[in-house]
Amino acid sequence: MSGSGSSVQVHSVETLIAVKTALSKFGEESQAVVTGMDMDLRRAWYWLDREMPAYWQSHIKRLEFEHSEAKSALFRKRLQAQGTDHAAYDTAEKELVRKLDKQLELARAKLETIRRWRTTIERAADEYNARVRGLRDQLEGGIERDSEILTRMVESIQAYSAIGVPTRSGPTASPASAPLEKNESEPES
Amino acid sequence: MNHSASARLKSASLELADTFGRARETWRDSKAEEFENQSIIPIMRSVEVACLAIDEITAIVSQMQRECGPPRDDTA
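For clarity, every value in this text was computed on a predicted model and none was experimentally measured. (Residues numbered from 1 in each chain as written. Chains lettered and ligands numbered in written order. Predicted model: local features only at pLDDT ≥ 70, side-chain atom pairs only at ≥ 80, totals over all residues. Heavy atoms only, no water.)

### Some points on the overall build of chain A
Worth spelling out the cut-off: Numbering of helices and strands runs from the N terminus, with a helix taken as a DSSP run of H or I at least four residues long and a strand as a DSSP run of E at least two residues long. Relative accessible area decides the class of each residue, using a 1.4 Å probe on protein chains only: under 20% of the type maximum gives buried, over 50% gives exposed, and in between gives partly exposed. Contact definition: two residues touch when any of their heavy atoms are within 4.5 Å. In this description, accessible areas are obtained by the Shrake-Rupley approach with a 1.4 Å probe, and a residue is regarded as covered only by the protein chains that are shown.
Across its full length, chain A holds three helices and zero strands. Counting from the amino terminus, chain A carries its helices and strands in the arrangement α-α-α. Taking all 189 residues of chain A together, 36% fall into the buried category. Of the contacts made within chain A by residues no fewer than 6 positions apart, 72% connect residues no fewer than 24 positions apart. Carbon together with sulfur atoms contributes 52% to the accessible area of chain A, which is approximately 11400 Å² in total.

Right, dumping it as structure tokens:
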């Protein structure tokens, strides 16, 4: 093997190792993203399916209690004002009851909204999983297979380098290394 | 959950594409072409589809959180 051929072999190996390293880094980063998304989706589902129904049910109970108290206060105020011209004095109590009515209505509507969102999220998650399937397949074997291909190429070049390949046009030139040698030897203008 | 997941994935794929692009400047045989067609291109396609899926489900989950959660300035 000539001196320039040897440096070319080293360059070829370095090139392939760089691709292999980048592939491995991509695999690790992508796996972290996919795993993170899976965790986020599980958390989002738990939030929707467990946490929010519990939150709103508890909120409704509290509002119902406050509403009951406000109505009692309004009733007491009206009793006090009976037979007098102080009917307008119950304005604050009436306003509180009205406000709590509205809040209760909104809180009960939230439970219905959550019920509808369960179906939406289930469908969205199914669609998401179907669309990420390709990337998962890459992460669950594709990248490893690609990496092995590169490793074999590197080993092949190193093996030829060790025994000494006489020329790039020689009969034993490896498919993986020969073109690299050719390109290195004859750079395009 | 946020949009940085797809940005992170895109960035990782761009890095791989850049490295492979540089390698292809000197690696030009049929093996390189085969590797590009059978490995790199399918990865890039799967990333493209996954990024769209991530962005979409992220937006859906954000909307869900807005509609199902307590108001941000919960005065109730």
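Continuing now.
### Some remarks on the pattern of salt bridges
Rules: For this document, the term salt bridge refers to a Lys or Arg side-chain nitrogen within 4 Å of an Asp or Glu carboxyl oxygen.
All chains considered together, the criterion is met by 17 salt bridges over all chains. A salt bridge links Arg-8 of chain B to Glu-29 of chain A; the shortest N-O distance between them is 2.8 Å. Here Arg-8 of chain B, found in helix α1 (residues 4–24), pairs with Glu-29 of chain A, found in helix α1 (residues 3–81), and the two come from separate chains. On the accessibility criterion, Arg-8 of chain B (37% relative accessible area) is partly exposed. Owing to a relative accessible area of 28%, Glu-29 of chain A belongs among the partly exposed residues under this scheme. In this structure, Arg-62 of chain A and Glu-66 of chain A form a salt bridge, with 3.0 Å as the shortest nitrogen-oxygen distance. Of this pair, Arg-62 of chain A and Glu-66 of chain A are both found in helix α1, four residues apart, which corresponds to roughly one turn of the helix. Since its relative accessible area comes to 37%, Arg-62 of chain A is described here as partly exposed. Through salt bridges with shared partners, a single network forms among Asp-49, Arg-50 and Arg-118 of chain A.

### Focus: the interface of chain A and chain B
So the rule is basically this: Counting of polar contacts relies on pairs of N or O atoms within 3.5 Å, with two restrictions inside protein: one atom must be capable of donating a hydrogen and the other of accepting it, and residues adjacent in sequence are counted only when both atoms are side-chain atoms. Each residue gets one of three labels, nonpolar for Ala, Val, Leu, Ile, Met, Phe, Trp, Tyr, Cys and Pro, charged for Asp, Glu, Lys and Arg, and polar for the others, Gly among them.
In this assembly, 52 residues from chain A lie in contact with 44 residues from chain B. Between the two partners, chain A and chain B, sit three salt bridges. For the pair chain A and chain B, the number of links is eight residue pairs in polar contact (both at pLDDT 80 or more). Looking at the side of chain A that touches chain B element by element, the count peaks at 24 residues for α1 of chain A. Along the lines of polarity and charge, the residues of the side of chain A that touches chain B split into 32 nonpolar, nine polar and eleven charged.

### Topic: the nonpolar core
Keep this limit in mind: Only buried residues count toward a nonpolar core. Its members are Ala, Val, Leu, Ile, Met, Phe, Trp, Tyr and Cys residues joined through side-chain atoms within 4.5 Å.
Counting 56 residues, the largest nonpolar core has Phe-26 and Leu-135 of chain A together with Leu-9 and Met-64 of chain B as its most contacted members. For this core, the elements supplying multiple residues, two or more each, are α1 and α2 (91–163) of chain A together with α1 and α2 (30–68) of chain B. Looking at which element gives the most residues to this core, the answer is α1 of chain A, with 19 residues. Aside from chain neighbours lying at most four places away, what touches Leu-9 of chain B is Phe-26, Ser-30, Val-33 and Leu-135 of chain A together with Val-47, Ala-50, Cys-51 and Ile-54 of chain B.

### Considerations on the packing of α1 of chain B against α2 of chain B
Residues and elements named next belong to chain B. Using the following cut-off: Here an axis means a line fitted to C-alpha atoms, over the contact stretch when the element is a helix, while the angle between two N-to-C directions is reported on a 0 to 180 degree scale. Should an angle lie under 35 degrees it is considered roughly parallel, over 145 roughly antiparallel, and from 65 to 115 roughly perpendicular; all remaining angles are considered oblique. Crossing handedness follows the turn of the near helix against the far one: under a right angle anticlockwise gives a left-handed crossing, and clockwise gives a right-handed one.
Packing of α1 against α2 leaves a shortest axis separation of 9 Å and a crossing angle of 165 degrees. As the angle between them shows, α1 and α2 are arranged roughly antiparallel. Between α1 and α2 lies a crossing of left-handed hand. Two secondary-structure elements touch here, α1 through Ala-5, Ser-6, Leu-9, Lys-10, Ser-13, Leu-16, Ala-17, Phe-20 and Arg-24 and α2 through Ala-32, Glu-33, Phe-35, Glu-36, Ile-40, Ile-43, Met-44, Val-47, Ala-50, Cys-51, Ile-54 and Asp-55. Tallied by class, the residues present in the contact of α1 with α2 amount to 14 nonpolar, two polar and five charged.

### Brief notes about the packing of α2 of chain A against α2 of chain B
Orientation of α2 of chain A relative to α2 of chain B, taken along the N-to-C sense of each, is 160 degrees, at an axis distance of 9 Å. Considered as vectors, α2 of chain A and α2 of chain B are oriented roughly antiparallel to each other. You can see that α2 of chain A and α2 of chain B cross each other, and the crossing is left-handed. Split by residue class, the contact of α2 of chain A with α2 of chain B holds 26 nonpolar, seven polar and nine charged.

### Describing the confidence of the model for chain A
Regions with low pLDDT should not have their predicted coordinates read in detail. All names here are of chain A. As a reminder, the rule being used: A score from 0 to 100, pLDDT tells how confident the predictor is in each residue.
Per-residue pLDDT for chain A has a mean of 81; in total, 78% of the residues score no lower than 70. Within chain A, no element has a lower average pLDDT than helix α3 (residues 178–185), which sits at 42, and none a higher one than α2, at 90. This model gives residues 1–8 a pLDDT under 50, and the stretch forms nine contacts once residues within four places in sequence are excluded. Predicted confidence for residues 169–189 stays below pLDDT 50, and this span has 39 contacts to residues more than four positions away or in other chains.

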